[in-house]
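Each chain is listed here by its residues.
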There are 4 protein chains.
Amino acid sequence: MPSHYVLTLSCPDRPGIVNAVTGHLLRFEGNILDAQQYNDLETDRFFMRTVFALESGAIDALRDTFATLADGFGMRWSLRDRDVPRRVMLLASKFDHCLADVLYRWRIGELPMDITGVVSNHPRETYQYLGLDGIPFHYLPVTKGRKQEQEAQLLALIESTGTELVVLARYMQVLSESLATRLAGRCINIHHSFLPGFKGARPYHAAHARGVKLIGATAHFITADLDEGPIIEQDTQRVSHHDTPQDLIRIGRDIERRVLAQALRYWLDDRILLNGHRTVVFAV
Amino acid sequence: MPSHYVLTLSCPDRPGIVNAVTGHLLRFEGNILDAQQYNDLETDRFFMRTVFALESGAIDALRDTFATLADGFGMRWSLRDRDVPRRVMLLASKFDHCLADVLYRWRIGELPMDITGVVSNHPRETYQYLGLDGIPFHYLPVTKGRKQEQEAQLLALIESTGTELVVLARYMQVLSESLATRLAGRCINIHHSFLPGFKGARPYHAAHARGVKLIGATAHFITADLDEGPIIEQDTQRVSHHDTPQDLIRIGRDIERRVLAQALRYWLDDRILLNGHRTVVFAV
Amino acid sequence: MPSHYVLTLSCPDRPGIVNAVTGHLLRFEGNILDAQQYNDLETDRFFMRTVFALESGAIDALRDTFATLADGFGMRWSLRDRDVPRRVMLLASKFDHCLADVLYRWRIGELPMDITGVVSNHPRETYQYLGLDGIPFHYLPVTKGRKQEQEAQLLALIESTGTELVVLARYMQVLSESLATRLAGRCINIHHSFLPGFKGARPYHAAHARGVKLIGATAHFITADLDEGPIIEQDTQRVSHHDTPQDLIRIGRDIERRVLAQALRYWLDDRILLNGHRTVVFAV
Amino acid sequence: MPSHYVLTLSCPDRPGIVNAVTGHLLRFEGNILDAQQYNDLETDRFFMRTVFALESGAIDALRDTFATLADGFGMRWSLRDRDVPRRVMLLASKFDHCLADVLYRWRIGELPMDITGVVSNHPRETYQYLGLDGIPFHYLPVTKGRKQEQEAQLLALIESTGTELVVLARYMQVLSESLATRLAGRCINIHHSFLPGFKGARPYHAAHARGVKLIGATAHFITADLDEGPIIEQDTQRVSHHDTPQDLIRIGRDIERRVLAQALRYWLDDRILLNGHRTVVFAV
């Protein structure tokens, strides 16, 4: 009975990579179901994602021998069983539209993952209509002068639960440089503007003041450099002079939850590869 | 035989404005064909645009008496015969996609205006395939140390031709503060980014370097403060990691010409009113 | 202390309508906050929506005298206190993404209305994660041969609860011609295709079979003529050859809930006027 | 000195295809620059597009030996030198916005092709502002009772000029079943509606009558079955009750030229593969 695996890799470009990889899969009788490649001609770096079917018993041997091949090409790579759900922690705050949306999509099977917990600086009752039953909830308030302590608790939770991805679903707290660095590459934030426009706080008020005719949202990996992390997904929507900052906030909620859900879906499907401070997203 | 007129106005908000205006039109047997209003609750300012039909002979009397009414409300206003085409000058440079697009739309009747001239810092032959026959062309090269002189020639042209609007159709020259100030409110520029992101030169290269997932363009009025003028129209389009800066430039051409044409159409149709450093655009 | 009212009307076009209406409001010291007009030159019919502030005590007198004015112009009109929430009933089925979305938006105040009940042909447990606490729920299964009986119960519910609008939030049941006729103009359906393409059942499978490059959704008023009612709102999204019918269903969920919520928001805000078998939607 | 080639193929899916193809390229020291694959799980058919660099002298040997490999897999395939421009004929009528747009893009290098001719049922003067200098023009009027004769002339032109693709740039003439069949797979039409909605003539009037809130355009291959050919590209744009049929025609021009240019670009870049009566479009 075959299982499905997804292999992602990047390495310096040179002839023969695809042939070597597909030859390796073939040797173990793996059957490729989907594949994307990309050559970044600017950096001369090669990126690949392959989904393949394989008799479950053969994966360990394939993985072990692939390591040797990967070394030869200088690959950064990952090989994952698609039937093992990823472990994701959701951080939220008062505005819970992104949290509610992710939970709903997860519940109907649109986002295949294990939720290792919902963490908030607001108590559980805040989310009484979101159907949190059965999901671990952690109330970690951020109080003056004790942010370091709160972040230590958060990090302990992340580690003890085997969390692979942290999602800042409008968490509204700036992570310390130390925590941001620690979570680099495994923490996605939704920023409520079309970056790099309107960095920082209150972007909808800033957008209104500037009189823009479209607003947007950006899902990006967190780095120590605030609002500068690698962008995963963005979208925009038309607004007009009629729209007050409150209208922009309302319209923005729709963009935010759509963009975050898309980014999360890409991540769960191993479609995002880092390319320096940018991303390669194999969208289809 | 009735003519069509368009009345635009803005003034401090207070009860009775619409009633007074419509009453005035009614007194002259004007028939309203289209009307838009907007109250800016933030600044308590009122904006209105009305298209009406009127026996041609009556317009002078209507206008004279309206002036008194307008004074009473503290209005900034404009009353224009729609059958008198606006006078527009087009400034272009080496990249002629916006120029070509505006000329095509003008020729098939989509942009009803009189073109008072095409001005370029490149010679006429540059545009040999654009069908410039019958359109005054002015070759005004910008040479080192003589920008002031060139701008003086340009301004003389604008004034002598009775130009009402100057369109910077990818003109690629930064106007001096003095000229920008002089043309404030009657000069539209197309900027090749989704402002306020990527101000300044080479925005597509900057967008590529930042790894954004959408690019855009912005049509705005020119002010002395570069890239900070009131925004009229913007649009964006999806791009991906595959797209090189050259691809972004190609994709951007489509956005630029679409956004500029839309802004120009709004202007010709008296749909744009200034609201401080923002615009009210009565789009429909 | 002033209240806010919204007046909508349509009538045969003729000079003086706006002046008469604004004059009437002025007489009662009503202050116009927002206004839209539209002349349909094809049918020579005039449409208007006005939001105004008025001392609460004055509304009855204003309404009574307006009736006379309205008769003179042959108006169909409605005058509503914005502080009195509309009464809306939600009909759902197994697929609950539209229901969940409407409930969430209602809960955070985005859709100001009273929910008179949720009706489904599936039992209450189906929606256990949607936070139905405090909302009347009615399980009205549709069983073979008893559709007429079920519809009678439904209609009784609609009438006894003073429901003003029925929302078919992916209800998945075709209303009988008799019920559809009865609810004409006060029942909104979300159809999971970009009408008039792909009428009828399984539109995503039909879209996939045809190989379209965009899919869409349509919110429309129900009429006896299936999938032919007046369209209120539509939207589309890009898909590709990679997308299976299941992918289209997933992508479609996002479009459906967005389009339905927009249509409902327009309705609650009295922005939709019927114009024969089409709609006038004063979107801004 | 290496040249760039593009190889496209489709065949029944089975393990080893990518490995065999990449192995073959590797044997001739071809270097893959870009590659896309797609498995249609419904039909179990595999599609692939590969761009590679190769020393020019090696291409004939590579091609000859590839034929054997291709036979083994039952491939339909094409191998093309990217430096040899494709030969394209443009058919136009009175509405010349698509023709003007394609010509402009071709002139600035956006659409690398040889134009084998412009054919119209209107005389050359019709297009005097489009800069046709140097492009063969053929005036082939369609007159009553002589359509068969006109089509024979057209077909002779297509054949004698070695035309690989015929573009119906709003040609406004329905090809006979015989000619449509003859040109199947090598003739692209732009239809001015979002198919399958509003087939046939006057789609913008039909869209207006139905009151849709978006209009669209569709680029598709021509088949004997009118408006039913494989869809290549589509797009839509928002309209409102304000828009008359004339407005829809104006807005539609922008969609049509954008959609047609995109489809043509895909074709010139060998990104479109037929999959029954649908297409696989390797868009990036």
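Each chain has its residues counted from 1, running along the sequence as written. Note on labels: chains are lettered from A, ligands numbered from 1, in written order. Since the coordinates come from a predicted model, pLDDT governs what is reported: local features require at least 70, and pairs of side-chain atoms require 80 or more to be given and counted, while whole-chain, interface and lining totals use all residues. Calculation of side-chain values draws on the structure's entire complement of heavy atoms; hydrogens and water are dropped beforehand.

Chemist: How should I be thinking about the relation of the copies chain A and chain B in this particular structure?
Modeler: To go from the first copy of the chain to the second, apply a rotation about an axis and then a shift along the same axis. Our superposition of the copies is a least-squares fit, built on the C-alpha atoms of residues whose pLDDT is at least 70 in both. Take chain A, turn it by 180°, move it 0.0 Å along the axis, and it overlays chain B with an RMSD of 0.0 Å. Given the turn and translation reported, the copies of this chain are related as if by a two-fold rotation axis. For chain A, the smallest separation between a C-alpha atom and the rotation axis is recorded for Gly-197 of chain A, amounting to 2.3 Å.

Chemist: Before we go on, may I ask you to explain the pattern of salt bridges in this structure?
Modeler: Here a salt bridge means any side-chain nitrogen of Lys or Arg lying within 4 Å of a carboxyl oxygen belonging to Asp or Glu. What the rule picks out here adds up to 96 salt bridges over all chains. One salt bridge connects Glu-149 of chain B with Arg-146 of chain B, and the closest N-O pair in it is separated by 2.6 Å. Glu-149 of chain B sits in the partly exposed class, given a relative accessible area of 41%. With its nearest N and O atoms 2.6 Å apart, the salt bridge here joins Arg-253 of chain B to Glu-110 of chain D. One end of the pair, Arg-253 of chain B, is in helix 7 (residues 245–268); the other, Glu-110 of chain D, is in the loop between helix 3 (97–107) and strand 6 (113–120), on a second chain. Assigned by exposure class, Arg-253 of chain B and Glu-110 of chain D land together as buried. Classification of residues uses two cut-offs on accessible area relative to the type maximum, computed with a 1.4 Å probe and protein chains only: under 20% is buried, over 50% is exposed, and between them is partly exposed. Numbering goes from the N terminus for both helices and strands, where a helix is a DSSP run of H or I of at least four residues and a strand is a run of E of at least two.

Chemist: Got a minute to help me understand the sheet that holds strand 7 (residues 137–139) of chain A in this structure?
Modeler: What holds strands together in a sheet is hydrogen bonding between their backbones, with the strands either parallel or antiparallel. All names here are of chain A. Strand order in the open sheet formed by seven strands is 7-6-5-8-9-10-11, and the pairing between neighbours is mixed. In this open sheet, the two strands that pair with only one neighbour each are strand 7 and strand 11 (231–238). Ignoring which end each strand starts from, the neighbouring axes of this sheet average 15° apart. By the convention used here, strands pair only if DSSP detects at least 2 bridges between them. As judged from the four bridges shared by strand 5 (residues 86–92) and strand 8 (residues 165–168), these two strands associate in the parallel manner. If you follow Val-88 over to strand 8, its bridge partner there is Leu-165. Contacts between helix 3 (residues 97–107) and the sheet are confined to strand 5, strand 6 (113–120) and strand 9 (187–191), with strand 6 contributing the most and set at about 160° to the helix. Axis definition: a line fitted to C-alpha atoms, limited for helices to the stretch in contact. Angles are taken between N-to-C directions and run from 0 to 180 degrees. Here, two residues are considered to be in contact whenever any of their heavy atoms come within 4.5 Å of each other.

Chemist: What is the right way to look at the interface of chain A and chain B in this model?
Modeler: Quoted interface sizes are often the accessible area lost when the parts come together. With 34 residues of chain A in contact, the opposing surface of chain B contributes 34 residues. Buried area is calculated as the accessible area (1.4 Å probe) missing from two parts once they are joined, with the contributions of both summed. Summing both partners gives a buried area of about 2900 Å² for chain A against chain B, and 53% of it is carried by carbon and sulfur. Interface area lost by chain A to chain B is led by Arg-210, Lys-213 and His-241 of chain A, which between them contribute 25%. Our count for the chain A to chain B interface comes out at six salt bridges. A salt bridge links Glu-233 of chain B to Arg-238 of chain A; its shortest N-O distance comes to 3.2 Å. Listing elements by their share of the side of chain A that touches chain B, those giving two or more residues are strand 2 (31–40), helix 6 (203–210), strand 11 and strand 13 (278–281) of chain A. Examining the composition of the side of chain A that touches chain B, we find that seven residues originate from one element, strand 11 of chain A, more than from any other. Under the scheme applied, nonpolar residues are Ala, Val, Leu, Ile, Met, Phe, Trp, Tyr, Cys and Pro; charged residues are Asp, Glu, Lys and Arg; polar residues are all the others, including Gly. When its residues are assigned to classes, the side of chain A that touches chain B shows 14 nonpolar, 11 polar and nine charged.

Chemist: So what exactly am I meant to see when it comes to the side chain of His-220 of chain A here?
Modeler: Residues and elements named next belong to chain A. Relative to the helices and strands, His-220 resides in strand 10 (residues 214–221). You can call His-220 buried: its relative accessible area is 1%. When neighbours within four sequence positions are excluded, His-220 is seen to be in contact with Cys-187, Ile-188, Asn-189, His-191, Leu-195, Asp-227, Gly-229, Pro-230, Ile-231 and Ile-232.

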